Amino acid sequence: MAELEDTPNVMPKLINFLSSLLQRVAESNDLNRSIQPQKISVFHGLTRPTISIQSYLERIFKYANCSPSCYIVAYVYLDRFTQRQPALPINTFNVHRLLITSVMVSAKFMDDMYYNNAYYAKVGGISTTEMNFLEVDFLFGLGFHLNVTPSTFHSYCSYLQREMMMQPQLNISEEPSSYIGRSSKNLLHLCFNEDDQSSSHQQQQQLAV
């Protein structure tokens, strides 16, 4: 996504939009826990982190030094993870660990140079041992489906660009009860399903972005 690298103002807007979106999804799923059973996983903290999602994502952006495309791919991974693990929806207890893990995994897959797990653990405020466990669990949760075809990448880019233009910042001050009736799946799950493509078409697009 050349626009991410060519326009300095795009990344701060993207970080702001993604954090607002994830906060809305997390709060919605918190309210849905009573009607939608949710499993406890290694991504769940005992308490909600005191740092906001936006501040946490800004911290990752500041210190991870990964390519801009990694944040799009991390978003793809979060989408895939929640699609494959419906009993583990994003909520305020797990969103921070899912974020740091998805960015780290995307950086390893996308970039030629990247920081190791110990460094990401420090950025994320967790131990290296926990970071290692999170990575393994995230990879199994994805079914090791890490490849992102160019068409899928650009579909997510187009969606995010369109949403950022139409709705620069989600109203995170809105009461969660006002959107509990709307499925959080509609907020996060884009489901640009590569499995629906023919096998021949998939073989033509095996190169990662």
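Computed from a predicted structure; not experimentally measured.

Here is what the cut-offs are and how they apply
- Residues numbered from 1 in each chain as written.
- Predicted model: local features only at pLDDT ≥ 70, side-chain atom pairs only at ≥ 80, totals over all residues.
- Heavy atoms only, no water.
- Helix = DSSP H or I, 4+ residues; strand = E, 2+ residues; numbered from the N terminus.
- Buried < 20%, exposed > 50% of the residue type's maximum accessible area, 1.4 Å probe, protein only.
- Contact = heavy atoms within 4.5 Å.
- Areas by Shrake-Rupley, 256 points an atom, 1.4 Å probe, with all protein chains shown as cover.
- Core = buried A, V, L, I, M, F, W, Y, C linked by side-chain atoms within 4.5 Å.
- Polar contact = N/O pair within 3.5 Å; in protein donor to acceptor, adjacent residues only side chain to side chain.
- pLDDT = per-residue confidence, 0-100.
- Phe/Tyr/Trp six-rings, centres within 6.5 Å; stacked < 30°, edge-to-face > 60°.
- Axes fitted to C-alpha atoms, helices over the stretch in contact; angles between N-to-C directions.
- Parallel < 35°, antiparallel > 145°, perpendicular 65-115°, else oblique.
- Left-handed = near helix turned anticlockwise from the far one by under 90°.

### Notes on the overall build of the chain
Inference 1: Per the secondary structure count, the chain includes 10 helices and 0 strands.
Inference 2: The secondary structure elements of the chain, listed N-terminal to C-terminal, are α-α-α-α-α-α-α-α-α-α.
Inference 3: Sorting the 209 residues of the chain into buried and exposed places 49% on the buried side.
Inference 4: Intrachain contacts of the chain at a sequence separation of at least 6 include 86% that bridge at least 24 residues.
Inference 5: Accessible surface computed for the chain: about 10,600 Å², of which carbon and sulfur atoms make up 54%.

### What to know about the nonpolar core
Inference 1: Counting 54 residues, the largest nonpolar core has Ile60, Tyr71, Tyr120 and Phe138 as the members making the most contacts within it.
Inference 2: Of all the elements in the fold, those that place two or more residues in this core are α2 (10-31), α3 (53-64), α4 (69-84), α5 (95-110), α6 (117-124), α7 (128-141) and α8 (150-166).
Inference 3: Element by element, the count of residues in this core is highest for α4, at 10 residues.
Inference 4: The contact partners of Ile60, leaving out residues within four places of it in the chain, are Tyr71, Leu99, Ile100, Val103 and Val123.

### Regarding the side chain of Thr101
Inference 1: Tracing the sequence through the fold places Thr101 in helix α5.
Inference 2: Residue Thr101 is classed as buried on the basis of its relative accessible area of 0%.
Inference 3: A polar contact of 2.6 Å, which involves the side chain of Thr101, links it to the backbone oxygen of Arg97.
Inference 4: Setting aside its immediate chain neighbours within four residues, Thr101 contacts Phe43, Met131, Leu134, Glu135 and Phe138.

### Regarding the confidence of the model for the chain
Inference 1: Per-chain confidence: the chain averages 77 in pLDDT, with 73% of residues scoring 70 or above.
Inference 2: Note on residues 168-187: pLDDT under 50 across the span, and 32 contacts to partners over four residues away in sequence or across chains.

### Notes on the environment of Ser102
Inference 1: Relative to the helices and strands, Ser102 is located in helix α5.
Inference 2: Ser102 sits in the buried class, given a relative accessible area of 0%.
Inference 3: Look past the residues within four positions of Ser102 in its chain and what remains in contact with it is Ala74, Tyr77, Leu78 and Phe138.
Inference 4: Only 2.9 Å separates the side chain of Ser102 from the backbone oxygen of Leu99, close enough to count as a polar contact.

### Here we look at the packing of aromatic side chains
Inference 1: Tallying each qualifying case throughout the model produces 8 aromatic pairs.
Inference 2: For the ring pair Tyr115 and Tyr119, a centre distance of 3.8 Å and an interplane angle of 25° mean the geometry is stacked.
Inference 3: On the accessibility criterion, Tyr115 (31% relative accessible area) is partly exposed.
Inference 4: Put simply, the rings of Phe43, Phe81 and Phe138 touch in pairs and so form one group of aromatic residues.

### Section: the environment of Lys122
Inference 1: Position of Lys122 relative to the elements: it lies in helix α6.
Inference 2: Taking relative accessible area as the criterion, Lys122 reaches 66% and is therefore assigned exposed.

### Let's talk about the packing of α3 against α5
Describing two packed helices takes the angle between their axes plus the distance from one axis to the other.
Inference 1: As a packed pair, α3 and α5 sit with axes 10 Å apart at the nearest point and diverge in direction by 20°. Comparing the axis directions of α3 and α5 gives the class roughly parallel. Like other packed secondary-structure pairs, α3 and α5 cross with a definite hand, here right-handed. In this structure, α3 contributes Ile53, Tyr56, Leu57 and Ile60 to the contact, and α5 contributes Val95, His96, Leu99, Ile100 and Val103.

### Observations concerning unusual backbone geometry
Inference 1: Despite not being glycine, Asn65 has its phi angle at roughly 55°, a positive value.
Inference 2: On the secondary structure map, Asn65 appears in the loop between α3 and α4.
Inference 3: A positive phi angle, close to 55°, is found at Phe144, a residue other than glycine.
Inference 4: Position of Phe144 relative to the elements: it lies in the loop between α7 and α8.

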